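Chain by chain, the residues:
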Amino acid sequence: SAVISQKPSRDICQRGTSLTIQCQVDSQVTMMFWYRQQPGQSLTLIATANQGSEATYESGFVIDKFPISRPNLTFSTLTVSNMSPEDSSIYLCSVPDPNEQFFGPGTRLTVL
Amino acid sequence: AQTVTQSQPEMSVQEAETVTLSCTYDTSESDYYLFWYKQPPSRQMILVIRQEAYKQQNATENRFSVNFQKAAKSFSLKISDSQLGDAAMYFCAPPGLSAPLNNAGNMLTFGGGTRLMVKP
């Protein structure tokens, strides 16, 4: 199983600013996923991040708003850019395993 | 497109009783995995149970079991002897697009969730 940590665990930000969320995995993984969970909602996939290539974004998400870095096989960052109150959500990273997906503890973002 | 429907936004069960959470989905795949995840207030996503679509036998994990009806594309979760610690959001998750059997770790498509409350 994979152990995943995220930083920060929560933050309160002003609109118009940007926040970078870090995701660290205790083992090397090729693929990492970033999800958004809006208040009271389910999880929605933002993008898939493979090491050594550009992230693949899902419909409704764009690189300018959610740039992703994947510098090595154990680490990834997601930046929420030019934030608005609508970006207030929990952001989770996850990694696949042959039998399941493992999730980080999430980052709770509040935009004022 | 992949769709997942959890028709019960909220469910309530008395402690020690049994409750069933429903999930229906749509997929064009013939071989895939299905998952139920639990999200307590700590917001950590925890795998409850996994079902391989090619297996006819329903998966069981202690007090948790599934009723998998492949033709009907139905995947319900039964919790027996409910405990206070079972109170959480439960998400049904079949794999997203392009999910071959040997790669259960493909991206998941989550249902809207069911909030389970357990009454003492």
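Further up the page is the structure itself.
Computed from a prediction, not measured in an experiment: that's the story for all the values here. (Residues numbered from 1 in each chain as written. Chains lettered and ligands numbered in written order. Predicted model: local features only at pLDDT ≥ 70, side-chain atom pairs only at ≥ 80, totals over all residues. Heavy atoms only, no water.)

### Details of the sheet that holds strand E6 (residues 46–52) of chain B
Residues and elements named next belong to chain B.
Then comes step 1: With mixed pairing, five strands are arranged side by side in an open sheet as E2-E11-E10-E5-E6. Strands with a single pairing partner mark the edges of an open sheet, and in this sheet they are strand E2 (10–14) and E6. Sheet twist, expressed as the mean angle between neighbouring strand axes with direction ignored, is 25°.
Then comes step 2: Summarising the sheet, strand E5 (residues 33–39) and strand E10 (residues 88–93) pair through five bridges and their orientation is antiparallel. Following the sheet pairing, glutamine 39 is matched in E10 by methionine 89. (Pairing = 2+ DSSP bridges. Helix = DSSP H or I, 4+ residues; strand = E, 2+ residues; numbered from the N terminus. Axes fitted to C-alpha atoms, helices over the stretch in contact; angles between N-to-C directions.)

### Quick notes on the layout of surface pockets
Then comes step 1: There is about 370 Å³ of room inside the largest pocket.
Then comes step 2: Elements with a minimum of two residues in the lining of the largest pocket: strand E9 (89–96) and strand E11 (107–111) of chain A together with E10 and strand E11 (114–119) of chain B. (1 Å grid on protein atoms, 1.4 Å probe; cavity = no way out; pocket = protein on both sides within 12 Å on 5 of 7 lines; lining within 4 Å. Points joined across faces, edges and corners; volume = space filled by probe spheres on them.)

### Considerations on the environment of Thr114(B)
Residue and element names in this part refer to chain B.
Then comes step 1: As for its position among the elements, threonine 114 is in strand E11.
Then comes step 2: What makes threonine 114 buried here is its relative accessible area of 0%.
Then comes step 3: In this structure the C-alpha to C-alpha distance between threonine 114 and cysteine 23, which are 91 residues apart in sequence, comes to 9.6 Å.
Then comes step 4: Setting aside anything within four residues of it in sequence, one finds threonine 114 in contact with Gln6, Gln8, Pro9, Glu10, Met11, Leu21, Ala88, Met89 and Tyr90.
Then comes step 5: Within polar-contact distance, the side chain of threonine 114 engages the side chain of glutamine 6 at 3.4 Å.
Then comes step 6: Engagement of the side chain of threonine 114 in a polar contact is seen with the backbone oxygen of glutamine 8, the distance being 2.6 Å. (Buried < 20%, exposed > 50% of the residue type's maximum accessible area, 1.4 Å probe, protein only. Contact = heavy atoms within 4.5 Å. Polar contact = N/O pair within 3.5 Å; in protein donor to acceptor, adjacent residues only side chain to side chain.)

### As for the interface of chain B and chain A
Then comes step 1: Listed by partner, the interface residues are 19 residues for chain B and 25 residues for chain A.
Then comes step 2: Between chain B and chain A, a total of about 1700 Å² is buried, with carbon and sulfur atoms accounting for 50% of that surface.
Then comes step 3: Connecting chain B to chain A are zero salt bridges.
Then comes step 4: The interface formed by chain B and chain A contains seven residue pairs in polar contact (both at pLDDT 80 or more).
Then comes step 5: Counting residues per element, the ones that place at least two in the side of chain B that touches chain A are E5 and E6 of chain B.
Then comes step 6: Per-element accounting of the side of chain B that touches chain A gives the leading share, four residues, to E5(B).
Then comes step 7: Its residues assigned to classes, the side of chain B that touches chain A shows ten nonpolar, seven polar and two charged. (Buried area = accessible area lost by both parts, 1.4 Å probe. Salt bridge = Lys/Arg side-chain N within 4 Å of Asp/Glu carboxyl O. Nonpolar A, V, L, I, M, F, W, Y, C, P; charged D, E, K, R; others polar.)

### Concerning the sheet that holds strand E7 (residues 68–72) of chain A
Two pairing modes exist for strands in a sheet, parallel and antiparallel, and in both the strands are linked by backbone hydrogen bonds.
Residue and element names in this part refer to chain A.
Then comes step 1: Strand order across the open sheet formed by four strands is E1-E3-E8-E7, with antiparallel pairing between neighbours. In the strand order of this sheet, the two ends are held by strand E1 (4–7) and E7, each with one partner. Strand-to-strand twist of the sheet, defined as the mean angle between neighbouring strand axes without regard to direction, takes the value 15°.
Then comes step 2: Relative to strand E3 (residues 19–25), E1 runs antiparallel, the two sharing four bridges. Across the sheet, glutamine 6 pairs through a bridge with cysteine 23, a residue of E3.

### Section: the packing of aromatic side chains
Then comes step 1: Applying the stated criterion across every chain yields a total of 13 aromatic pairs over all chains.
Then comes step 2: Ring centres of Phe66(A) and Tyr91(A) lie 6.5 Å apart, and the angle between their planes is 45°; this geometry places the pair in the tilted category. Remark: Tyr91(A) occurs in strand E9 and Phe66(A) occurs in the loop between strand E6 (56–57) and E7; sequence separation between them is 25 residues. Each member of the pair, Phe66(A) together with Tyr91(A), is buried.
Then comes step 3: The rings of Phe33(A), Tyr35(A), Phe103(A), Tyr33(B), Phe35(B), Tyr37(B), Phe91(B) and Phe110(B) are connected pair by pair, giving a single aromatic cluster. (Phe/Tyr/Trp six-rings, centres within 6.5 Å; stacked < 30°, edge-to-face > 60°.)

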